[in-house]
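# An overview of the molecular structure
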Amino acid sequence: MTKAISKGRLWTARVMSGIAILFMLLDSIMKLFKPSFVVDSVNSLGFQEHHIYVMGILGLLSTVLYIVPRTTILGAILLTGYFGGVMATQVRLDAPLFSTILFPVYLAVLVWGGLWLRNEKVRKIFSLQQ
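What counts, and where the lines are drawn
- Residues numbered from 1 in each chain as written.
- Predicted model: local features only at pLDDT ≥ 70, side-chain atom pairs only at ≥ 80, totals over all residues.
- Heavy atoms only, no water.
- UniProt positions renumbered as here; feature names shortened; annotations may be inferred.
- Helix = DSSP H or I, 4+ residues; strand = E, 2+ residues; numbered from the N terminus.
- Patch = residues over 30% accessible without salt bridge, like charges linked within 9 Å, V, L, I, M, F, W, Y side chains within 5 Å.
- Areas by Shrake-Rupley, 256 points an atom, 1.4 Å probe, with all protein chains shown as cover.
- Salt bridge = Lys/Arg side-chain N within 4 Å of Asp/Glu carboxyl O.
- Buried < 20%, exposed > 50% of the residue type's maximum accessible area, 1.4 Å probe, protein only.
- Contact = heavy atoms within 4.5 Å.

### With respect to the UniProt feature "transmembrane region" (unreviewed entry) in the protein chain
The positions UniProt marks with the feature "transmembrane region" (unreviewed entry) are residues 12–30, 50–68, 73–91 and 97–117. The straight-line gap between the two end C-alpha atoms of residues 97–117 is 28 Å; of that span, 95% is helix and 0% is strand.

### Considerations on a nonpolar patch on the surface
A cluster of nonpolar residues, F23, L97, F98, F103, V105, Y106 and V109, forms a patch on the protein surface that exposes about 630 Å² of accessible area. At four residues, helix α6 (residues 103–118) tops the list of elements feeding residues into the nonpolar patch. Within the element layout of this structure, L97 appears in helix α5 (residues 97–101). Accessibility expressed as a relative area gives 44% for L97, which makes it partly exposed.

### Some words on the side chain of Q90
Within the secondary structure, Q90 is located in helix α4 (residues 72–92). Excluding its chain neighbours within four sequence positions, the residues that come into contact with Q90 are L45, A95, T100 and I101.

This is how it looks when you write it as structure tokens:
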């Protein structure tokens, strides 16, 4: 038996998830089309051009899995791994902490926060009570 959630909680969850989804869709699709500024940016991070397409596919696949209600938890887990790789890359380059290194953490908070607000199973798993 599932409990109905309030409209405010539902819309907050949708907005949080929507921001992360839109960012990841834009990022992934840009990697698939490989405009010159994306190629230059990825090269400056230490990756070769043939890696861009793979990163785009992995980001897009994880995002699509997050969008589909049946696979949303799997998508969130895969996105978390993707964000970890992004963070590791930025740490390796000694990037600024709050604006660059922690940006994937901000996205992960949106992903998991939106999921926590709308999914009772996730709330039970991450419950603060015993």
